[in-house]
Amino acid sequence: MIGFLAGVALIGVLAYFRLPFWLSAIALVLFGAALTLPGGITMTGWILWAVFLVFLIPVAIPPLRRYLVSLHVLRLLRSALPQISDTEREAIEAGSVWWDAELFSGKPDWNKLRDYPAARLSEEEQAFLDGPVETLCGMIDDWEITHELYDLPPAVWAFIKEYKLFGMIIPRRYGGLEFSALAHSEVVMKLASRSVTAAVTVMVPNSLGPAQLLLRYGTQSQRDHYLPRLATGEEIPCFALTGPLAGSDAGAIPDTGIVCRGEFEGRKDVLGIRLNWEKRYITLGPVATVLLGLAFKLYDPEHLLGEQTALGITLALIPTDTPGVEIGNRHFPMNSAFQNGPNRGRDVFIPMDWVIGGAAMIGHGWRMLVECLAEGRGISLPALSTGSGKSVSRTTGAYARVRRQFKLPIGRFEGIEEPLAEIAANAYIMEAGRRLTCAALDQGENPAVISAILKYQLTERMRRIVNDAMDIHGGSGICLGPSNYLGRVYQTLPISITVEGANILTRTLIIFGQGAIRCHPYLFDEISAAQMSDRKAALIKFDRALFGHIGFFISNIVRTAWLGLTNASLMRVPGTRVTRRYYRRLSRLSAGFALAADLAMMTLGGALKRKERLSGRFADVLANLYLGSALLKHFEEEGEPAADLPLLDCAFRMTIHRAQQSLLAVYWNLPSRWLARLLRAVTFPFGKPYAPPDDRLIHACAALLLEPSDTRDRLTQGVYITDDPTDRTGRIEYAFNCAIAAEPAEYKLRQALREGVLAVGELDDPVEAALAAGVLDADEAQCLREADASMREAIRVDEFTPEYLQGGRHADQ
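Residues numbered from 1 in each chain as written. Predicted model: local features only at pLDDT ≥ 70, side-chain atom pairs only at ≥ 80, totals over all residues. Heavy atoms only, no water.

## Topic: the overall build of the chain
Step number 1: For the chain, the helix and strand inventory stands at 35 helices and 9 strands.
Step number 2: In terms of overall dimensions, the chain is globule-like: its C-alpha atoms have a radius of gyration of 31 Å, near the 28 Å expected for 813 residues.
Step number 3: In terms of principal-axis extent, the alpha carbons of the chain reach across some 105 × 85 × 45 Å.
Step number 4: Every one of the 813 residues in the chain was classed for burial, and the buried ones make up 56%.
Step number 5: Pairs at least 24 apart in sequence give 76% of the contacts found in the chain among residues at least 6 apart.
Step number 6: Accessible surface computed for the chain: about 34300 Å², of which carbon and sulfur atoms make up 57%.
Step number 7: The chain carries 83 positive and 89 negative side-chain charges, and their two centres are separated by 10 Å. (Helix = DSSP H or I, 4+ residues; strand = E, 2+ residues; numbered from the N terminus. Rg over C-alpha atoms; globule rule 2.2 N^0.38 Å. Buried < 20%, exposed > 50% of the residue type's maximum accessible area, 1.4 Å probe, protein only. Contact = heavy atoms within 4.5 Å. Areas by Shrake-Rupley, 256 points an atom, 1.4 Å probe, with all protein chains shown as cover. Lys, Arg positive; Asp, Glu negative; His and termini not counted. Charge placed at Lys NZ, Arg CZ, Asp CG, Glu CD.)

The structure is reproduced here in structure tokens:
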């Protein structure tokens, strides 16, 4: 019995540390020999050795294993697995895997995360942010943009073009700025803290494909012609993908192109394409000079290019002044003024060299789309969301400090502290996720799954931040006007949730649907082998993947059980005393996630694709594990400041608790109830270990937004900040500074009133009375008056005459 238990323990150790199979086999043979040989082998011992070798030898010898085991499993898989279409394969293979694969492994290598270079701005990039971008933010009047002009002012358009903000990702040799992903993100983030319209206008040419498509796939002549003109704004691009009948299902676009011969610019018998399309929701469409990335399905019924008739999704460059192109109308998305609208084409003939990449890229449009969208998705909307979140956290904290009720700043009330703490923690989470993903992009990665996680999670967290801020601001948040810095952001929330892949789709189909196949260390190889036509090569590849998968599965069973029993407290991880406990928690849930994902795929098979709610819960686990990793990386890169610990603790508890609850929701919704109970018992043998932030932590985190500090400045670094009392956000910052400066005098006044030194009637001015009684000096009295006046200005709301509102100028009538 002792020997048996020792053998089980040895197998557990081998599985836990995932030693190579051959090494594990040698260890087991040596263990068996040490256990049986010294005292002589009994009949029972010989039987055990025979059984052991019967199982070990076929598994240990690959050629024998392939024909005894792998061949039969491969045949079963081929009969059960539906054929993967080229479109599905291209979507799965798009981009690269990165830290998401480590989290899927159940055994993330934290040293690898810690060794990733931090994202850093160059001196040139920082100077650009401090100079032109700062100036541009100061030029922006969002009320004028959204209420009066319904567009950026001409001076702002000219400034954007002059300083090449449309060319941030274009290389210098083509006249662009050639900025890093982080610099691109920082520019959009800063603009978003000032105006959603300005941020969207700048971010689209840099993220949604136009320049990227040319850089990656365009011919040299296309690059030479268009990239310099795009960099200076001489050409305004748009990316025409979405149509009335094809939104999330972009592969179903009805827009068509027919290969034919026609007349072009006076030349007859030109080989080209006759296009018909209808697109909508196209940002910059109404002002575009070129449709850079028009997506359509191409057909060759006359076989002018070859034997194939249906050539697949293709992308082309279409100048908007081409005959048959209809462009210029506008949509009006949630009262936001960025240029967005439909466009159509009727019998538009284009030469073949207008196809992006030329004839060689015909039919490759889907791959081009998903790869470029994946990279842009990791920068644009995450930056916009973080900019809005940071700006709102700063102004809301200042407002809660300035606004008083019952003689106290409202931020001191526990009911207000709770949403304040969530605002601060979510802003911290968003910044951590944004910076880690930018670091990956700047290292040449194109992590498609992580980009989807970031877009979904950060736009949703921005929605929570703005909703919480609206609750705290109350009436001043809902009265639109030139002074309102929150209302338009609130109105535009659904836009970020909808564009670049609707969040419902991203959560329920893309993150786990793509991640489960692409990030799993063996699943994609197994599926690929089953699709191969070369039977011998397929068997070799499948055998290697299958037995790797078996070992991976056994290891995750052992790791999940052991980490659950010990709460990972005995696990060796890097970090300091503060961060080690968090690394352990992430490791524990990573193992549980990997095990649950494997079992769900084994038991549900292809049906898992239709279990969208289950897939969405898996996505929530993976997303929160990624954001938890980003938090630790960000905290360490900042130098682990002790003052930031409440932010780290609050943010991390929010993410780890959400990951835990989502994993439990997976268990309780698995069709196999016995499997669900077994998984819960293995993963959480002593119940739910991780709780959300407690009241003490909520109080400490909220307090960081109510006082000036390095932590508050770090949290809101990179957004536009002014204390100009005539500015819509500057008046809040100015009032906040005045309130802080007046605190000593205010304390003296309260003490005098409390102790009876100063008697003041209801109609008396307490400041004047304190000045007369010598409780305050003239400077202190002036400080209190200035704080009171600035507070009144900060909480002021706009009002309009009936004639103004009836004059047709108000966008909301």
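## Section: unusual backbone geometry
Step number 1: At Arg18, a position not held by glycine, the phi torsion is positive, near 55 degrees.
Step number 2: By secondary structure assignment, the location of Arg18 is in the loop between helix H1 (2-17) and helix H2 (21-36).
Step number 3: A relative accessible area of 26% means that Arg18 is categorised as partly exposed.

## Some points on the pairing of strand S4 (residues 290-299)
Step number 1: Burial within S4 is extensive, with 8 of its 10 residues counted as buried.
Step number 2: Inspection of the sheet shows strand S1 (residues 237-238) paired to S4 by 2 bridges, in the parallel sense. When the sheet's bridge partners are listed, Pro237 is paired in S4 with Val290.
Step number 3: In this structure, strand S2 (residues 256-264) lies alongside S4, joined through 3 bridges in parallel fashion. Following the sheet pairing, Gly257 is matched in S4 by Leu298.
Step number 4: In terms of strand pairing, S4 meets strand S5 (residues 310-319) through 9 bridges, oriented antiparallel. Among the inter-strand pairings, Val290 is bridged to a residue of S5, identified as Pro319. (Pairing = 2+ DSSP bridges.)

## With respect to the packing of aromatic side chains
Step number 1: One pass over the full model with this rule turns up 21 aromatic pairs.
Step number 2: Considering the side-chain rings of Phe406 and Phe413, the 6.2 Å spacing of their centres and the 75 degrees angle between planes classify their relative orientation as edge-to-face.
Step number 3: A relative accessible area of 29% means that Phe413 is categorised as partly exposed.
Step number 4: Taken together, the ring pairs in this structure connect Trp98, Trp99, Trp110, Tyr116 and Tyr583 into an aromatic cluster. (Phe/Tyr/Trp six-rings, centres within 6.5 Å; stacked < 30°, edge-to-face > 60°.)

## Side note on empty space enclosed by the protein
Step number 1: Enumeration according to the criterion identifies 7 cavities of 30 Å³ or more in this entry.
Step number 2: Considered as a void within the structure, the largest cavity measures approximately 210 Å³ in volume.
Step number 3: Forming the walls of the largest cavity are 21 residues, and the residues nearest its centre are Ala192, Arg194, Tyr485, Val489 and Arg728.
Step number 4: Going through the elements one at a time, helix H9 (142-149), helix H12 (196-207), helix H16 (380-402) and helix H20 (487-491) are the ones with two or more residues in the lining of the largest cavity.
Step number 5: Looking at side-chain class alone, the lining of the largest cavity contains 6 nonpolar, 11 polar and 4 charged residues. (1 Å grid on protein atoms, 1.4 Å probe; cavity = no way out; pocket = protein on both sides within 12 Å on 5 of 7 lines; lining within 4 Å. Points joined across faces, edges and corners; volume = space filled by probe spheres on them. Nonpolar A, V, L, I, M, F, W, Y, C, P; charged D, E, K, R; others polar.)

## Section: the side chain of Arg461
Step number 1: Mapped onto the elements of the fold, Arg461 is located in helix H18 (residues 448-473).
Step number 2: It is Glu422 that comes nearest to the buried, bridge-free Arg461 among opposite-charge side chains, at 7.7 Å.
Step number 3: With residues near it in sequence (within four places) discarded, Arg461 still touches Asn426, Ile429, Met430, Asn624, Leu627, Met654 and Thr655. (Salt bridge = Lys/Arg side-chain N within 4 Å of Asp/Glu carboxyl O.)

## Here we look at the pairing of S2
Along any regular strand the residues' side chains alternate between the sheet's two faces.
Step number 1: Note that S2 and strand S3 (residues 267-283) share 8 bridges and pair antiparallel. By the bridge assignment, Cys260 is partnered in S3 with Gly272.
Step number 2: Hairpin connection between S2 and S3: a loop of 2 residues separates the two successive antiparallel strands, and Glu265 in this loop has a positive phi of roughly 50 degrees.

## Structural notes on a negative patch on the surface
Step number 1: A cluster of acidic residues, Glu414, Glu418, Glu422 and Asp695, forms a negative patch on the protein surface.
Step number 2: You can see Glu414 is positioned in helix H17 (residues 414-442).
Step number 3: The exposure class assigned to Glu414 is exposed, which follows from its relative accessible area of 63%. (Patch = residues over 30% accessible without salt bridge, like charges linked within 9 Å, V, L, I, M, F, W, Y side chains within 5 Å.)

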